[in-house]
Amino acid sequence: MQELYDPKPIEPKWQQRWREAKLFRTEEDPSKPKCYVLEFFPYPSGDGLSVGHCRNYIPADTLARYMRMRGYCVLHPMGWDAFGLPAENEAINKGSHPKHTVPRYVANYKRQMNLIGLSYDWEREINSSTPEYYKWTQWWFLQLYKRGLAYRANAPVNWCPRCRTVLANEEVEGGKCWRCGAPVHKRDMPQWFFKITAYADRLLQDLDELDWSEGIKQMQRNWIGRSEGVAFEMQVQGRPDLKFQVFTTRIDTVFGMTFAVLAPEHPLVDAITTPEQRDAVNAYREQARRLDETTRQSTERERTGVFTGAYAINPVNDEPVPIYIADYVLMTYGTGAIMAVPAHDERDYDFARKYGLPIKVVIAPSDANESRFNDEGSSSEGASVPPCYTGDGVMVNSGAFSGLSNREGMERLAEWFEAQGIGQRQVQYRLRDWLISRQRYWGAPIPIIHCPHCGEVPVPEAQLPVLLPDVEQYQPSGTGESPLAAIPEFVNTTCPQCGQPAQRETDTMGGFACSSWYFLRFCDPHNDREPFSQEKVRYWMPVDYYVGGAEHAVMHLLYARFWTKVGYDAGFVPVKEPFYRLRNQGMVLALTPYRPPRPDETLREGETGILVRRDQLESMSDAEKAQLTWVWEKMSKSKYNVVTPDEIVERYSADTLRLYELFVAPFDTAIEWKEEGVKGMYRFLGRVWRLMGAIRPCFVRDWRVILNESCQSPECPLDESARKMRQRTHASLKKLHQDIPDFKFNTAVATLMEWFNDLEAYWKRVNHSPCCADAMAVVSEAVECFILALSPFAPHIADELWEQYGFEGFTLQQRFPDYDEALARAEAFELVIQVNGKVRDKLIVPADISREAMERLALESPRVQAHLQGKPPRKVIVVPGKLVNVVVSGG
């Protein structure tokens with residue numbers, strides 16, 4: 001072995017050998033346990049991977065390698081989410097065509113993934129933009145269509161003027177397009193939808209069965225938005241022919257209604273608006289059309305609205321209430337109309353205060369004196385405007401229902417409305433059907449034919465795929481029609497039912513359709529007879545570990561769960577949930593420089609300075625650099641703060657990058673990218689290399705035989721330092737077995753480093769003194785186990801060391817070392833003794849010491865006695881195997 005660690009020849013050498021040996025080919029053996037490890041389907045951009053992307057690829061690869069070494073059949077595939085807006089917009093920006101840019105970007109991604117040693121089975125690679133794949137995406141569409149879960153309807157939709165296409169609600173963020181950031185407007189257009197609302201309850205209920213973070217589960221629950229309440233009719237005053245329905249979850253407050261609100265899009269608005277209010281109403285409706293639903297429902301916006309001039313009758317007391325329109329009421333949620341009770345709803349309260357509307361209290365806190373409230377519901381204690389109270393309590397000013405608890409009142413009022421025939425109990429959802437059609441070229445064509453005689457006709461499965469035409473002019477039309485509509489040879493066809501001339505559907509499916517089933521295709525990627533074999537999917541599904549960003553909580557993750565459930569009900573998917581475990585990585589932050597603005601420069605709202613690019617930074621003087629403000633921000637192309645894996649591998653090594661990203665912070669925590677930490681990990685690998693080189697001439701291949709023979713007698717001849725070294729080896733292995741499946745990679749790497757430090761210290765001790773075969777066997781056990789344990793984390797150096805030590809094959813083909821529970825157990829540990837949380841003493845105690853003995857030793861400590869001053873402690877907290885905290889009064 002050469003003396004210094006030089007990864008430059010080592011890493012390419014092993015990457016080539018892995019490829020030649022097809023080391024990562026997936027094994028399918030029903031007699032073995034399986035583990036399906038999958039990262040989110042990536043879109044290959046022209047910028048390639050950053051070290052931020054590696055934050056999920058490297059940990060998932062470490063897990064996949066570990067599971068292989070544990071004897072599992074591991075499926076760890078990779079493919080490309082290559083259809084959709086991102087790929088098309090990128091090609092437009094580059095003045096190219098996605099059929100050219102996608103293969104080029106895919107090749108770069110693969111190069112970078114191989115560069116950092118990711119163990120993908122490239123024989124299972126898939127690309128959503130190939131006919132071999134999107135044929136089956138179209139097949140899925142037909143399965144949904146057959147079951148009434150795909151339909152076309154006119155609807156107000158989100159229109160991105162820059163991307164020139166329709167967006168799903170989930171693709172609008174803060175009123176802007178999720179991809180390009182342009183403000184989104186509303187348009188009325190015929191669109192294709194998937195009826196995800198039919199699965200709302202099951203999507204909610206089955207979350208409880210999943211090993212996902214509670215935060216992601218709650219995001220899905222909130223997006224689905226299940227509400228139980230009462231829907232009832234309200235009559236427009238003076239117009240017996242006009243009624244509208246409202247939905248409320250707080251029917252107990254109905255006597256406190258002082259106005260009603262319709263969504264600006266409500267079909268009744270034109271009919272009820274008076275001539276005096278017509279201009280104001282029309283202007284407000286036009287303004288509301290420019291806002292997306294998220295913006296309209298933001299709690300941070302001021303509530304606005306316009307009076308229609310009409311009144312409605314409250315059915316419980318026959319009182320007229322004014323009808324307003326307001327953009328915080330949505331036509332897509334509930335009935336598009338609400339009763340407004342400002343005394344008990346914060347949105348209504350703000351609205352009423354703004355427009356001077358009455359506020360009538362009808363729920364009093366249970367501990368309040370009901371006589372405080374007069375007949376009009378306002379406080380009788382001198383407050384002209386009562387506060388908004390949204391909690392439970394006692395009903396007041398509610399006719400025959402006054403005096404009831406509001407919960408009982410809910411039941412009684414629901415029964416009253418149903419008895420009167422003007423209302424009924426209902427369950428409603430915030431979730432809307434999934435808008436799937438796009439007026440863009442680069443996507444899977446929707447397999448529907450429009451026939452003037454037969455109507456909508458699905459393309460027969462035998463005629464799939466409906467091929468995307470190969471044309472050079474593919475840019476969006478801007479008219480609202482897909483570019484495919486301008487290609488006669490694509491549009492004009494014959495009806496499969498009657499044989500008469502007909503036209504193809506020209507919208508394509510959004511990219512989320514392709515990513516809603518790719519995890520199933522990976523189980524059987526080359527099947528040209530069906531999307532996947534039942535047998536193979538039954539073996540591999542569900543995905544055991546799904547790894548990716550939390551930003552897809554209400555888009556991809558929800559859609560994939562929906563498609564899987566549809567397939568389960570139809571009998572061709574054997575599981576009802578696709579991803580058993582979900583793990584979300586933290587983002588990577590980079591220091592980003594900003595300079596003060598010059599006199600001729602104006603900062604935009606929220607900006608603290610002018611962003612400085614990396615190339616500009618290099619040419620700045622020291623005086624200019626001294627004026628910079630440095631801010632930790634997410635790595636992104638727009639911030640010019642991206643660090644690529646290529647840079648780090650060139651300056652250090654792939655194994656350095658892998659270990660740093662695994663060690664720097666818990667997996668789900670954001671990290672601050674610091675090259676000093678990378679350098680530290682490079683130095684650690686150099687220490688590993690040097691120590692392994694020093695030990696190699698003394699390595700004992702048959703250390704197992706020596707240690708087994710030495711330790712068979714009741715009195716093991718190993719001295720205390722040897723026993724401690726063996727204990728450290730087996731305790732470290734035990735910790736790694738616990739941490740790696742739990743995604744605790746930072747503590748796993750810390751365990752490797754501590755283990756190495758102890759091995760290094762023990763080697764120095766035995767190497768510079770007369771040593772026996774037992775000591776060398778202890779060292780050899782630690783070395784062999786350490787190299788194999790290092791393999792999932794830093795596979796290049798591990799394989800090189802394995803070969804240097806005379807072993808054949810690859811570390812990935814070896815068994816990850818097991819541990820002996822008896823040897824892993826420490827004989828003693830350092831007991832930390834605290835007083836009021838501060839360390840006051842430390843004692844070495846037996847490992848099997850009882851809680852009672854730990855407490856007794858702590859209280860007997862003279863340093864603790866000094867703080868007790870003869871008084872008993874307030875509390876004694878014992879953490880077995882670690883510490884005792886004595887809580888003292890006045891401390």
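Residues numbered from 1 in each chain as written. Predicted model: local features only at pLDDT ≥ 70, side-chain atom pairs only at ≥ 80, totals over all residues. Heavy atoms only, no water.

Now for the nonpolar core. One finds Tyr 36, Met 113, Phe 141, Phe 519, Trp 673 and Trp 755 to be the most contacted residues of the largest nonpolar core, which totals 196 residues. Per-element tally for this core: the top contributor is helix 26 (residues 773-790), with 13 residues. Setting aside its immediate chain neighbours within four residues, Trp 673 contacts Val 51, Val 588, Leu 589, Trp 632, Met 635, Val 643, Ile 648, Leu 657, Tyr 660, Glu 661 and Val 678. Counting residues in hydrophobic clusters, the runner-up holds 55 residues, among them Val 254, Val 306, Ile 338 and Ile 359. (Core = buried A, V, L, I, M, F, W, Y, C linked by side-chain atoms within 4.5 Å. Buried < 20%, exposed > 50% of the residue type's maximum accessible area, 1.4 Å probe, protein only. Helix = DSSP H or I, 4+ residues; strand = E, 2+ residues; numbered from the N terminus. Contact = heavy atoms within 4.5 Å.)

A few words now on the packing of aromatic side chains. Scanning the model with the defined rule gives 62 aromatic pairs in all. With 4.5 Å between their ring centres and 40° between their planes, Phe 40 and Tyr 546 make a pair best called tilted. In this pair, Phe 40 sits in the loop between strand 1 (34-39) and helix 2 (54-69) while Tyr 546 sits in strand 25 (residues 545-548), placing the two residues 506 residues apart along the sequence. For the pair Phe 40 and Tyr 546, one class covers both residues: buried. Ring centres of Tyr 546 and Phe 579 lie 3.8 Å apart, and the angle between their planes is 10°; this geometry places the pair in the stacked category. Remark: Phe 579 occurs in the loop between helix 17 (556-570) and strand 26 (582-584) and Tyr 546 occurs in strand 25; sequence separation between them is 33 residues. As far as the burial class goes, Tyr 546 and Phe 579 line up, both buried. Directly above the ring of Tyr 355 sits Lys 354, whose terminal nitrogen or CZ lies 5.6 Å from the centroid. Its end group placed over the ring of Phe 490, Arg 504 keeps NZ or CZ at 6.0 Å from the ring centre. (Phe/Tyr/Trp six-rings, centres within 6.5 Å; stacked < 30°, edge-to-face > 60°. Lys NZ or Arg CZ within 6 Å of the ring centre and 35° of its normal.)

This part is about the sheet that holds strand 23 (residues 501-504). Reading across the sheet, the 4 strands line up as 21-20-23-22 and stay open at both edges, with antiparallel pairing between neighbours. The sheet is open, and its two edges are formed by strand 21 (455-458) and strand 22 (492-494), each paired on a single side. Shown here is a sheet whose adjacent strand axes are inclined to one another by a mean of 40°, direction ignored. As paired strands, strand 20 (residues 448-451) and strand 21 are joined by 4 bridges and run antiparallel to one another. For His 450, the partnering residue across the bridge sits in strand 21 and is Glu 456. (Pairing = 2+ DSSP bridges. Axes fitted to C-alpha atoms, helices over the stretch in contact; angles between N-to-C directions.)

It is at 9 Å that the axes of helix 21 (residues 654-663) and helix 22 (residues 675-695) come closest, and there the two elements cross at 120°. With respect to helix 22, the axis of helix 21 lies oblique. The two elements helix 21 and helix 22 cross, and the hand of that crossing is right-handed. Of the residues in helix 22, those touching helix 21 at Asp 655, Thr 656, Leu 659, Tyr 660 and Phe 663 are Gly 677, Val 678, Met 681, Tyr 682, Phe 684 and Leu 685. Here the contact of helix 21 with helix 22 is built from residues that sort into 8 nonpolar, 2 polar and 1 charged. (Parallel < 35°, antiparallel > 145°, perpendicular 65-115°, else oblique. Left-handed = near helix turned anticlockwise from the far one by under 90°. Nonpolar A, V, L, I, M, F, W, Y, C, P; charged D, E, K, R; others polar.)

Sheet architecture is open: 4 strands sit in the order 32-31-34-33, paired in mixed fashion. Both edges of this open sheet fall to strand 32 (838-846) and strand 33 (875-879), since each of them pairs with a single strand only. Neighbouring strand axes in the sheet, compared pairwise and without regard to direction, differ in orientation by 15° on average. One ladder, built from 4 bridges, connects strand 31 (residues 828-835) with strand 34 (residues 883-887); its direction is parallel. Each residue of the ladder has a partner; that of Ile 833, found in strand 34, is Val 884.

Right, let's get into the confidence of the model for the chain. Averaged over every residue, the pLDDT of the chain is 92; residues scoring 70 or more account for 96%. This model gives residues 377-383 a pLDDT under 50, and the stretch forms 13 contacts once residues within four places in sequence are excluded. (pLDDT = per-residue confidence, 0-100.)

With that settled, consider the side chain of Asn 314. As for its position among the elements, Asn 314 is in the loop between strand 11 (305-313) and strand 12 (320-326). A residue is classified by how much of its surface remains accessible, and Asn 314, at 0% relative accessible area, is buried.

Moving on: the state of the cysteines. The full count for this structure, using the stated rule, is 0 disulfides. In this structure Cys 177 is not part of a disulfide, and its nearest cysteine sulfur, from Cys 180, lies 3.8 Å away. Given the relative accessible area of 4%, Cys 177 is considered buried. (Disulfide = S-S within 2.5 Å.)

A few words on helix 4 (residues 98-115). Compared with an ideal rise of 1.5 Å per residue, which puts 18 residues at 26 Å, helix 4 spans 25 Å between its outermost C-alpha atoms and is within 8% of the ideal. Within helix 4 the residues assigned to the buried category are Pro 98, Thr 101, Val 102, Tyr 105, Val 106, Tyr 109, Gln 112 and Met 113. Across the axial projection of helix 4, the buried residues extend over an arc of 130°, all falling on one side. Contacts made by the buried residues of helix 4 are with helix 2, helix 3 (85-93) and helix 20 (645-651). (Expected span 1.5 Å × (residues − 1). Arc of directions from axis to C-beta.)

On inspection of all chains with the given rule, the structure shows 64 salt bridges. Ionic pairing is found between Lys 565 and Asp 206, a salt bridge with its closest N-O pair at 2.4 Å. Placement of Lys 565 in helix 17 and of Asp 206 in the loop between helix 6 (200-205) and helix 7 (214-224) is noted, with a sequence separation of 359 residues between them. For Lys 565, a relative accessible area of 0% gives the class buried. When its relative accessible area of 8% is taken as the criterion, Asp 206 is described as buried. Note that Lys 243 is salt-bridged to Glu 233, the shortest N-O span being 3.8 Å. Of this pair, Lys 243 sits in strand 9 (residues 243-248) while Glu 233 sits in strand 8 (residues 226-236), and the two are 10 residues apart along the sequence. Exposure remark for Glu 233: the relative accessible area of 35% places this residue in the partly exposed category. If you follow the salt bridges from partner to partner, you end up with Lys 13, Arg 17, Glu 800 and Glu 803 in one network. (Salt bridge = Lys/Arg side-chain N within 4 Å of Asp/Glu carboxyl O.)

With respect to the element layout, Leu 790 can be found in helix 26. Judged by its relative accessible area of 1%, Leu 790 is buried. Separated by 48 residues in sequence, Leu 790 and Lys 838 place their C-alpha atoms 36 Å apart. Not counting residues up to four positions away in its chain, the partners in contact with Leu 790 are Val 688, Leu 752, Ile 797 and Ala 798.

Tallied over the full model, the rule gives 2 cavities of 30 Å³ or more. By volume, the second largest cavity is sized at about 90 Å³. Lining the second largest cavity, in full, are Pro 156, Lys 186, Glu 265, Glu 293, Arg 296, Leu 330, Met 331 and Thr 332. (1 Å grid on protein atoms, 1.4 Å probe; cavity = no way out; pocket = protein on both sides within 12 Å on 5 of 7 lines; lining within 4 Å. Points joined across faces, edges and corners; volume = space filled by probe spheres on them.)

For the rest of this paragraph, the subject is helix 5 (residues 131-146). The end-to-end C-alpha distance of helix 5, which contains 16 residues, comes to 22 Å, matching closely the 22 Å that a straight helix rising 1.5 Å per residue would cover. Summarising burial for helix 5: 12 of the 16 residues are buried, a large majority. Every buried residue of helix 5 is listed here: Tyr 133, Tyr 134, Trp 136, Thr 137, Gln 138, Trp 139, Trp 140, Phe 141, Leu 142, Gln 143, Leu 144 and Tyr 145. Note on helix 5: the residue one or two positions beyond its end, Gly 148, has a positive phi of about 75°.

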